[in-house]
Amino acid sequence: MNARTFMRLTITNRASAIYLGLIACLAVMATAVTLFADDPGFVWVWPVFLALPTFFLVGALGEAVWGGTPMPDWFFFGGVLLSVLIQSFALGVLLEGLRRRRTRPGPRRA
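Residues numbered from 1 in each chain as written. Predicted model: local features only at pLDDT ≥ 70, side-chain atom pairs only at ≥ 80, totals over all residues. Heavy atoms only, no water.

Draft legend 1. Inspection of the pattern of salt bridges at higher detail. Per the counting criterion, the structure on display carries two salt bridges. Residue E96 is joined to R99 by a salt bridge in which the shortest nitrogen-to-oxygen separation is 3.7 Å. Linking E96 with R99, this pair stays in helix 5 (residues 73–103), spanning three residues, or about one helical turn. A network of salt bridges, in which partner residues are shared, links R8, E96 and R99. (Salt bridge = Lys/Arg side-chain N within 4 Å of Asp/Glu carboxyl O. Helix = DSSP H or I, 4+ residues; strand = E, 2+ residues; numbered from the N terminus.)

Draft legend 2. Up close: the confidence of the model for the chain. Summary statistics for the chain give a mean pLDDT of 85 and a share of 92% for residues scoring 70 or more. Here helix 4 (residues 52–66) is the element of the chain with the lowest mean pLDDT, 83, and helix 2 (residues 14–36) is the one with the highest, 91. (pLDDT = per-residue confidence, 0-100.)

Draft legend 3. View of the layout of surface pockets. There is about 180 Å³ of room inside the largest pocket. Taken together, L20, I23, A24, A27, W44, P47, F77, V80, L81, V84 and L85 form the lining of the largest pocket. For the lining of the largest pocket, the secondary structure elements donating two or more residues are helix 2 and helix 5. Looking at which element gives the most residues to the lining of the largest pocket, the answer is helix 5, with five residues. (1 Å grid on protein atoms, 1.4 Å probe; cavity = no way out; pocket = protein on both sides within 12 Å on 5 of 7 lines; lining within 4 Å. Points joined across faces, edges and corners; volume = space filled by probe spheres on them.)

Draft legend 4. Molecular detail of the packing of aromatic side chains. Following the criterion strictly, the structure yields six aromatic pairs and no others. With a centroid separation of 5.1 Å and 70 degrees between ring planes, the pair formed by W44 and F77 is classed as edge-to-face. Taken together, the positions of W44 in the loop between helix 2 and helix 3 (45–50) and F77 in helix 5 put the pair 33 residues apart, joining distant regions of the chain. A residue is classified by how much of its surface remains accessible, and W44, at 26% relative accessible area, is partly exposed. For F77, a relative accessible area of 38% corresponds to the partly exposed category. Taking the centre distance of 5.4 Å and the plane angle of 85 degrees together, the rings of W46 and F49 count as edge-to-face. Of the two residues, W46 and F49 both sit in helix 3, three residues apart, roughly one turn of that helix. In this structure W46 comes out as partly exposed when scored by relative accessible area, which is 48%. Judged by its relative accessible area of 43%, F49 falls in the partly exposed class. One aromatic cluster is present, built from ring pairs that chain together W44, F55, F76 and F77. (Phe/Tyr/Trp six-rings, centres within 6.5 Å; stacked < 30°, edge-to-face > 60°. Buried < 20%, exposed > 50% of the residue type's maximum accessible area, 1.4 Å probe, protein only.)

Take a look at the structure:
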């Protein structure tokens, strides 16, 4: 797989673009709330919820590296970004597989 195929599967197909756009909107909203609200609360939990299936691996890695201490912010946000990109790639691969399955010729009828 070359870089062009990886980018096509991760960013430029419809499903991945919608997913990444939703994550970007949530991240912008969470940043605005964090900057301008007195108490942002748990606003950063929403981008993490959409990154959850693969973010569990990042959380486990952070727990293994830092033990009982909290993860640094750079690791948390980098982990969310990595998780989102992995899931976007998986969406692209799934969409490509479905597209190829649909266009495969079926058995000939007599």
